[in-house]
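# Reading the structure
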Amino acid sequence: MCGIACLVGNKRAPEECYNALEKLEYRGYDSAGMALLTKEGIVIHKKQGRVENLKDFAFNSSSNIVISHTRWATHGEPNEINAHPHISQNKELALVHNGIIENYKELKEKLKEKGVNPVSQTDSEIALEIIAEEEGTVLQKVKNALKKLKGSYAFAIIDKKTKSIIGVRKNSPLYVAKTTKGIMLASDIICFNSLADEYHLVQENEIIQISKGKLKIFDENLKQVSISFTKMMDVGHIADKMGFEYFMEKEIREIPAVIKRIVSNYQDKKIIKEVVPFFNDIEKIVLIGCGTAYHACMYGAKLLSSVLNIDCNAYIASEYKYSKPIISEKTLGIFVSQSGETADTLGCINLFKEKGAKTLAVTNVLHSAIVNMCDGKLPVFAGAEIGVASTKAYVAQILVLYLLSKHLENPDYELIEELTLADKSKQVIKIDKEIVELIKASSKVFYIGRGYDSISSLEGALKLKEIAYISAEGYPAGELKHGTIALIEKGTPVIVFATEKKLFEKTMSACEEVCSRGAKVIVVCAKDTKIRDEFYKIELPSCENEELESILSIIPLQLLAFEVSKGLGYNPDKPRNLAKSVTVE
Ligand code: F6R
């Protein structure tokens, strides 16, 4: 969370940083700010809320050296005082931070004893003062201060004395590139899109110093080292809504193209063949992710255990990491992450590496930390996903895991029905207005299903919660009667996924149970399925392979959440309290 964009360039650096910061808003939008080095010293401008609040200032200011930040609040409420950048009390340094300083309370007390009273509630300001109080050059100050900080960080610091920007990181991303606008330091290479041919991922033991026209990298002993650049890759038309009002709608409507791309990229089997050896001689598979990606892991675990005769289980990264997991060299870790930067997921990869276990990334962002850390990768080819709620990336993740399981089951498996999936997905990008109005008027909604459908229930409910702020619960249909059914009242909407044919009758029994308690039942099922007349129906094209039907079933529910959010007057792209990339634990 939090986005950093910094530039040492020409006088228009504030404007260029603003443009970069807009691209980073997916990382948080509680507040935004920039610090400019001017003849008068360091000038700070920050505002609560969206990056656009900086526009007038950025376009009417001039400076060659700028650091800027968009915040997802961790420590301290999202107000102007807590917004970044922070300026040191001696006015010599200004700092922006992405991450969490875990020992900030203890450090704050020590600073207070020395008479340094921070003005904000943030851990970031404490880190700044710890750096500022060190002796020596700015490089020495940073080097020594880092030894005192526990936690994660990407810092960018303006040093007034050397007229330079310093960059360092630990467990938070930070990239640097020589762009047509100057030398830029940023949280994501999307900021360099069409401005640079290559970039460098700042390494955890490096300190970067950028001054006019010069980029220097030092190792932990402050010895200057050479820089290795990586060729820029196409990161898509990230800022382009292609005529849609919201990225989320654009991204849902892109799903048929994403499916087509995945099926065609995976058809020649080269990508999968590269990872097949990972499955040799293993005793169990652990799939790890967070939120929507965790749901994809559940899906993957079910698919893989149906074709391999071994234990396959899905875990929430933040739980797994602290659960004393049993990992051996015969355990395969599969890490699912759209962004490839989720701190909890990355933390789990380290556990696997320590035990010498194999690691496989299933991700959408190929320049991400997850790809750098894992032994192998399965790209999901969803294209840049900007809407905070994951839509096309989820469909892409489960489709890739499905294709993997098919190949592992039978290496000669030919994709036939899969070739029709893109066209079939076009038919499900619609939702009945009556259903939208019913959900809009409800204060709670249940999503139920069995088998794969129970996973879709979790994901459908998560979408509604996160962007429409309606209490929504996803539940296995068979488990409902063991307690949760007590919450069903007259008029409570219950959305029932029913794609698993062998479980259909049992799922219908759950419909009857909730219906007789007054629920309004909405069934997500194949077009030709017979259901009671009083039930609403969300129709799916029939698939011979019901796993494919189940992949399609989430799409209309993503659209439902979108329409409900929009209809209630919210911004589905920027749900409250959330950020697209969760780079703190
Ligand atoms: C929900 C959503 C989140 C993410 C989660 C993990 O719509 O998008 O739950 O799935 O934060 O993010 P990644 O996939 O980037 O690791």
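Calculation rules
Residues numbered from 1 in each chain as written. Predicted model: local features only at pLDDT ≥ 70, side-chain atom pairs only at ≥ 80, totals over all residues. Heavy atoms only, no water. Helix = DSSP H or I, 4+ residues; strand = E, 2+ residues; numbered from the N terminus. Rg over C-alpha atoms; globule rule 2.2 N^0.38 Å. Contact = heavy atoms within 4.5 Å. Areas by Shrake-Rupley, 256 points an atom, 1.4 Å probe, with all protein chains shown as cover. Lys, Arg positive; Asp, Glu negative; His and termini not counted. Charge placed at Lys NZ, Arg CZ, Asp CG, Glu CD. Expected span 1.5 Å × (residues − 1). Buried < 20%, exposed > 50% of the residue type's maximum accessible area, 1.4 Å probe, protein only. Arc of directions from axis to C-beta. Salt bridge = Lys/Arg side-chain N within 4 Å of Asp/Glu carboxyl O. Pairing = 2+ DSSP bridges. Axes fitted to C-alpha atoms, helices over the stretch in contact; angles between N-to-C directions. Domains from an automatic or database assignment. Buried area = accessible area lost by both parts, 1.4 Å probe. Near = heavy atom within 4 Å. Polar contact = N/O pair within 3.5 Å; in protein donor to acceptor, adjacent residues only side chain to side chain.

## Section: the overall build of the protein chain
Counting its regular elements, the protein chain contains 18 helices and 25 strands. A globule of 585 residues ought to have a C-alpha radius of gyration of about 25 Å, and the protein chain, at 25 Å, matches this closely. Taken along its principal axes, the extent of the C-alpha atoms in the protein chain is 75 × 55 × 45 Å. Taking the contacts inside the protein chain whose residues are at least 6 apart along the sequence as the reference set, 71% of them involve residues at least 24 apart. Accessible surface computed for the protein chain: about 23400 Å², of which carbon and sulfur atoms make up 48%. Within the protein chain, the 77 negative side-chain charges are centred at a point lying 4 Å from the centre of the 76 positive side-chain charges.

## Regarding helix α17 (residues 504–515)
Over its 12 residues, α17 runs 16 Å from end to end, which matches the ideal 16 Å to within 8%, given 1.5 Å per residue. Along α17, the residues that are buried comprise Phe-504, Thr-507, Met-508, Ala-510, Cys-511, Val-514 and Cys-515. Buried residues in α17, looked at end-on, bunch into an arc of 150°, giving them a common side. Looking at the buried residues of α17, the elements they touch are β21 (444–449), β23 (493–497) and β24 (520–526).

## Some points on the side chain of Lys-108
Position of Lys-108 relative to the elements: it lies in helix α3 (residues 104–113). Among buried Asp, Glu, Lys and Arg side chains, Lys-108 stands out as unpaired, with Glu-109 the closest opposite charge at 6.7 Å. Lys-108 has contacts with Pro-118, Ser-120 and Ile-126, leaving out every residue within four places of it along the chain.

## Some details on the sheet that holds strand β17 (residues 311–316)
Overall, parallel pairing links the five strands, which are arranged β17-β16-β18-β19-β20 in an open sheet. Two strands bound the open sheet, and with one partner strand each, they are β17 and β20 (376–379). Direction aside, the axes of adjacent strands within the sheet are offset by 20° on average. By the bridge criterion, six bridges tie strand β18 (residues 331–337) to strand β19 (residues 358–363) in an arrangement that is parallel. The partner of Ser-337 across the bridge, within β19, is Thr-363. Contacts between helix α11 (residues 343–354) and the sheet are confined to β16 (284–289), β18 and β19, with β18 contributing the most and set at about 165° to the helix.

## Some points on the domain arrangement of the protein chain
Parsing the protein chain into structural domains produces domain 1 (3–231), domain 2 (242–426) and domain 3 (427–572). Here the C-alpha centre of domain 2 lies 33 Å away from the C-alpha centre of domain 1. Between domain 1 and domain 2, the contact holds eight residues from the first and six residues from the second. Carbon and sulfur atoms make up 57% of the area that domain 1 and domain 2 hide from each other, which totals about 590 Å². It is Tyr-26, Pro-173 and Tyr-175 that lose the most area in domain 1 upon contact with domain 2, and together they represent 45% of the buried surface on that side. Our count for the domain 1 to domain 2 interface comes out at zero salt bridges.

## Re the site of the ligand
The environment of the ligand is formed by 14 residues, the closest being Ser-337, Gln-338, Ser-339, Thr-342 and Glu-466. Between Ala-293 and the ligand, the recorded distance is 3.4 Å, taken from a backbone N or O atom to an oxygen atom. The protein chains hide 90% of the 410 Å² of surface that the ligand would expose on its own. Elements with a minimum of two residues in the shell around the ligand: α9 (291–307) and α16 (452–468).

## Quick look at the environment of Glu-459
Here Glu-459 is to be found in helix α16. Considered as a pair, Glu-459 and Ala-296 are 163 residues apart in the sequence and their alpha carbons are 8.9 Å apart. Not counting residues up to four positions away in its chain, the partners in contact with Glu-459 are Thr-292, His-295, Ser-390, Tyr-394 and Ile-554.

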